[in-house]
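Listed here are the chains, written in short residue letters.
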Amino acid sequence: MGEYREWPHDLDGLVDMARNEILPEFYEMNDDPTRKYPTVKQLGQLGYRNLNWVLHNKHDMSVKEFFTMIVGVTDDVAEHDGTRDWDYTDPETIANCAKYLDWMQQYREWNDATVDTTYYYLNRILREYNAVVDADSENLITAAQNDDHRTELYDAMVKTIHTIRQDAETDNSAYQYLLAIRGFFDWLSRRHVIDENPIKPIAEEFNFDLDTEGTESLKPVQLGQLWEEATKLHEYLVIIGYICWGVRRQELPAVRRSQFEFDDNVMRIEFEAHQRKNDAGTVTVVVGRGIIEEQFERLDSHSDWNGHLLPDPDDIAQPMKKRDAADIFRDVCKRADVTLDDGSLPSPNNGRALWHDMNARAEGVLMEMEYTEDQAYEDDESPLDYQSSPRKENIRQLLFKKRVQAVLPDEAVTDNRIIAPDLEQQYSFDPSNFADD
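Structure report, in brief.

What follows covers helix H1 (residues 11-29). The first and last C-alpha atoms of H1 sit 25 Å apart over 19 residues, in line with the 27 Å expected at 1.5 Å per residue. Approximately 45° is the largest bend angle found in H1, and it occurs at Ala 18. When H1 is considered as a whole, its buried residues turn out to be Leu 11, Gly 13, Leu 14, Val 15, Met 17, Ala 18, Ile 22, Leu 23 and Phe 26.

Before going further, it helps to examine the pairing of strand S2 (residues 267-271). Going residue by residue along S2, you find Met 267, Ile 269 and Phe 271 tucked away on one face and Arg 268 and Glu 270 left uncovered on the opposite face. The pairing of strand S1 (residues 260-262) with S2 spans three bridges and is antiparallel. Its bridge partner being in S2, Phe 262 is matched across the sheet by Met 267. Pairing geometry for S2 and strand S3 (residues 281-284), over four bridges, is antiparallel. Bridge pairing in S3 places Arg 268 opposite Thr 284.

Phe 66, Phe 67, Leu 140, Phe 184 and Phe 185 are the most contacted members of the largest nonpolar core, which has 68 residues in total. Here the element with the most residues in this core is helix H9 (residues 171-190); it accounts for ten residues. Not counting the four nearest positions on each side in its chain, Phe 66 is found in contact with Leu 11, Leu 14, Val 15, Ala 18, Leu 51, Leu 55, Met 61 and Val 71. Grouped together as the second largest cluster of nonpolar side chains are 52 residues, Leu 233, Ile 239, Phe 271 and Leu 309 included.

What follows is about the pattern of salt bridges. Scanning the entire structure with this criterion turns up 16 salt bridges. Taking the shortest distance from any N to any O, the salt bridge between Glu 196 and Arg 150 comes out at 3.7 Å. You can see Glu 196 sitting in the loop between H9 and helix H10 (220-229) and its partner Arg 150 sitting in helix H8 (residues 150-167), a full 46 residues away along the chain. Here Glu 196 falls in the partly exposed class, since its relative accessible area comes to 44%. The exposure class assigned to Arg 150 is buried, which follows from its relative accessible area of 13%. Here Asp 312 ties to Lys 321 by a salt bridge, and the two come within 2.9 Å at their closest N and O atoms. One salt-bridge network, in which partners are shared between bridges, spans Asp 147, Arg 150, Asp 195 and Glu 196.

The rules behind each value
- Residues numbered from 1 in each chain as written.
- Predicted model: local features only at pLDDT ≥ 70, side-chain atom pairs only at ≥ 80, totals over all residues.
- Heavy atoms only, no water.
- Helix = DSSP H or I, 4+ residues; strand = E, 2+ residues; numbered from the N terminus.
- Expected span 1.5 Å × (residues − 1).
- Bend = angle between axes of the 7 residues up to and from the residue.
- Buried < 20%, exposed > 50% of the residue type's maximum accessible area, 1.4 Å probe, protein only.
- Pairing = 2+ DSSP bridges.
- Core = buried A, V, L, I, M, F, W, Y, C linked by side-chain atoms within 4.5 Å.
- Contact = heavy atoms within 4.5 Å.
- Salt bridge = Lys/Arg side-chain N within 4 Å of Asp/Glu carboxyl O.

Coordinates in, geometry out; function isn't part of it.
In structure tokens:
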């Protein structure tokens, strides 16, 4: 098993790695002149298999989309003429977008990764904007120039940002789209293409949670500190939900008893697509099964309880307000003296970032296991019987369990038989992979 490597999770860092490491190594070993970027299988052969997981889980993006749209490598199907493909048909808008990117690269000294990422944001904005406006509406630039149509443009752009936010992994991600289109309009205004930026105050229409998710996570040892400090059921539950399930701040209060599956050997929680953005599926309860069962047993005595794991203390028929759940998390952090590197108090987003990091670590170890080496898989396809198989998920859960066992007391970690009993014996786990950073 190779030494664990700290992977960048932001697009800029991934692009730098792709251009400076992955592509040079790929071109050296590649014997197919029509192939311009590696397949998933070739990434594994080069030792970069984890890129596929990071792209899928952090950015909802395939390897092909990353290399062609973000890195800017031409597709192996057809040569590119040097221009960008835009999902919008108006020539004036496209010309201004292209000129904006060239201008900012020349005068603001944007690097290639920033230009590529901004193109990706603007193109998504144009595509979604086109879907929400009437077919006979004016194009984006003309509407911005027309006093009578600015309100229509503003409302359509609010809907566009809302649509993107619904799909985004984090509020921080959605906010980057808003910044991209607002920056474009600011540039048009400075050059007097339009009189003023018609969407300048658009951020005020949203309640973005712009904490430090994606830039800093809690450390594993801090999970142990929070657990030691917690004293009440709802305190343990917000720790479990935000860190051990990785749900978003607004999603935890919506979790209901009907989502839980109980039997002698396992407790699982099922998330549908509308309940957990981009993360529909099954989460195995590795931490705190007894606490969850105790909470449900306590709430069962209330006839007006509506099934929520965290009901509103003032109205048990309703879910807890998301701000109250976040405040509980912050209060436990404050009492436990758990802070971020700059001394500020963490939010649930920072807890969820730890869930991402622990899973990324587990996935990195998993992907290096020898049993995947002979799997046949092609570009943008998961390994057969591996990425989506229950056995693969069992292994990932075991690796996650090892991480939390390193920092939590024995009684906190569910003594479950959720994992195939032969796995711990079949695979030799290096303890250094689970040590606290």
